[in-house]
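Here is what each chain is made of, one letter per residue.
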Amino acid sequence: MATTIITGRDITFTLATVNYDAQTTAITLVNAPVIDTYQTLDGKAYKHIDDQWTLNLELLADWGVASSLFEAMWTAFTSAPNTALAFTLVTATGASFAGTAFPVAPTAGGAAPGAQTDTWAMLCASTPVLTIS
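Predicted model only: the values in this text are computed from it and were never measured. Residues take numbers from 1 onward in each chain, read along the sequence in its written order. For a predicted model such as this one, the threshold for reporting local features is a pLDDT of at least 70, and the threshold for listing and counting side-chain atom pairs is 80 or more; totals across whole chains, interfaces and linings nevertheless cover every residue. The basis for every side-chain value is the complete set of heavy atoms in the structure, and neither hydrogens nor water enter the calculation.

1. Concerning the sheet that holds strand S3 (residues 24-40)
Stated precisely, the cut-off is as follows: Strand pairing is assigned whenever DSSP identifies at least 2 bridges connecting the two strands. Strands here mean DSSP runs of E at least two residues long; helices mean DSSP runs of H or I at least four residues long; both are numbered from the N terminus. Note on method: axes are straight lines fitted to C-alpha atoms, helices fitted across the in-contact stretch only, with angles between N-to-C directions ranging 0 to 180 degrees. The criterion used for residue contact is that any of the two residues' heavy atoms lie within 4.5 Å.
Taken together, the 3 strands give an open sheet; going across it, the order is S3-S4-S7, and neighbouring strands pair in antiparallel fashion. The strands lining the two open edges of the sheet, one partner per strand, are S3 and strand S7 (117-123). The sheet shows a mean angle of 25° between the axes of neighbouring strands, taken without regard to direction. Each of strand S4 (43-60) and S7 is contacted by helix H1 (residues 69-79), which is oriented at about 40° to S7, the strand it contacts most.

Now the structure itself:
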């Protein structure tokens with residue numbers, strides 16, 4: 001089998017049905033499993049209890065532009081913070097991850113002379129669904 005290399009530029013990202021590839025500099029979907037450990041007379045025993053998924057984004061700020069991701073996130077966070085937003089992460093090889101994640105409050109500001117950036121860690125409402133096409 002030939003080696004396949006997928007880069008970040010092979011990923012498309014949509015949030016609430018809008019594509020934000022141009023503002024996104026990095027994206028990861030990360031799981032932190034919740035596993036209880038029990039000490040028994042025979043040794044350790046483990047029980048997988050739950051999964052906690054997080055959608056991590058590194059972004060270029062776009063305050064004030066048409067269809068601003070930062071303004072949309074601000075509105076979602078201030079008006080409906082308990083309502084998860086739909087997201088889709090698709091690779092060029094056909095792997096598609098779909099789920100919902102809760103809005104976060106974007107930061108404003110930056111340091112000269114660099115671009116204004118922000119990092120978001122959005123808690124997923126449930127385990128994302130993987131589809132291979």
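2. Here we look at the nonpolar core
Definition in use: The criterion is simple. A nonpolar core is a set of buried Ala, Val, Leu, Ile, Met, Phe, Trp, Tyr and Cys residues joined through side-chain atoms within 4.5 Å. Accessibility here uses a 1.4 Å probe with only protein chains present; expressed as a share of the type maximum, an area under 20% marks a residue as buried, one over 50% as exposed, and anything in between as partly exposed.
Residues Phe 13, Leu 15, Leu 55, Leu 57, Trp 120 and Met 122 are the most contacted members of the largest nonpolar core, which totals 20 residues. Those elements that place two or more of their residues in this core are strand S1 (11-15), S4, H1, strand S5 (85-91) and S7. When neighbours within four sequence positions are excluded, Met 122 is seen to be in contact with Leu 15, Trp 53, Thr 54, Leu 55, Leu 57, Met 73, Ala 101, Phe 102, Pro 103 and Val 104.

3. Let's talk about the environment of Thr 131
Mapped onto the elements of the fold, Thr 131 is located in strand S8 (residues 129-132). By relative accessible area, which is 46% here, Thr 131 ends up partly exposed. Measuring from C-alpha to C-alpha, the distance between Thr 131 and Ser 96 comes to 5.1 Å, with 35 residues separating the pair along the chain. Once you skip the residues sitting within four places of it in the chain, Thr 131 turns out to touch Gly 94, Ala 95 and Ser 96.

4. Overview of the side chain of Thr 24
Stated precisely, the cut-off is as follows: Polar contact criterion, stated in full: a pair of N or O atoms within 3.5 Å, where within protein one must be able to donate a hydrogen and the other to accept it, and residues adjacent in sequence count only if both atoms are side-chain atoms.
Its location among the elements puts Thr 24 in strand S3. At 2.8 Å, the side chain of Thr 24 and the backbone oxygen of Tyr 20 are in polar contact.

5. Focus on the confidence of the model for the protein
Heads up, the rule is: How sure the predictor is of each residue is captured by pLDDT, a score from 0 to 100.
Mean pLDDT over the protein stands at 92; residues scoring 70 or higher make up 100%. Summarising per-element confidence for the protein, the mean pLDDT is lowest in S1 (88) and highest in S4 (96).

6. Examining the side chain of Gln 23
Relative to the assigned elements, Gln 23 resides in the loop between strand S2 (18-19) and S3. For Gln 23, the side chain forms a polar contact with the main-chain oxygen of Leu 60, separated by 2.8 Å.

7. Some remarks on the packing of aromatic side chains
This is how it is decided: Between rings of Phe, Tyr and Trp, where Trp is taken as its six-membered ring, a pair exists when centres lie within 6.5 Å; planes separated by under 30 degrees are stacked, by over 60 edge-to-face, and by other angles tilted.
Scanning all chains against the criterion turns up 3 aromatic pairs. Summarising the aromatic geometry, the rings of Trp 63 and Trp 74 are spaced 6.1 Å apart at their centres and angled 70° between planes, so their arrangement reads as edge-to-face. In this pair, Trp 63 sits in the loop between S4 and H1 while Trp 74 sits in helix H1, placing the two residues 11 residues apart along the sequence. Relative to Trp 120, the ring of Phe 70 has its centre 5.1 Å away and its plane inclined at 50°; by these criteria the two rings are tilted. Remark: Trp 120 occurs in strand S7 and Phe 70 occurs in helix H1; sequence separation between them is 50 residues. The class of Trp 120 is buried, set by a relative accessible area of 2%. Among the aromatic residues, those joined into a ring-pair cluster are Trp 63, Phe 70, Trp 74 and Trp 120.

8. Some words on the environment of Val 90
The residue Val 90 is located in strand S5 in this model. Not counting residues up to four positions away in its chain, the partners in contact with Val 90 are Asp 10, Ile 11, Thr 12, Ala 95 and Ser 96.

9. With respect to the layout of surface pockets
If a probe the size of a water molecule is rolled over the atoms, the empty space left behind becomes visible. Defined as follows: Think of a 1 Å grid over just the protein atoms. A cavity is a set of points where a 1.4 Å probe fits yet cannot get out, a pocket is an open set with protein on both sides within 12 Å along at least five of seven lines, and lining residues have an atom within 4 Å of a point. Grid points are joined across faces, edges and corners, and a volume is the space filled by probe spheres set on the points. Residue type decides the class: Asp, Glu, Lys and Arg count as charged, Ala, Val, Leu, Ile, Met, Phe, Trp, Tyr, Cys and Pro as nonpolar, and the leftover types, Gly among them, as polar.
Of the volumes computed, that of the largest pocket is approximately 230 Å³. Every residue lining the largest pocket is listed: Gly 8, Arg 9, Ile 11, Phe 13, Asp 21, Thr 24, Thr 25, Ala 26 and Ile 27. Ranked by residue count, the leading element in the lining of the largest pocket is S3, at 4 residues. Within the lining of the largest pocket, the residues separate by chemical class into 4 nonpolar, 3 polar and 2 charged.

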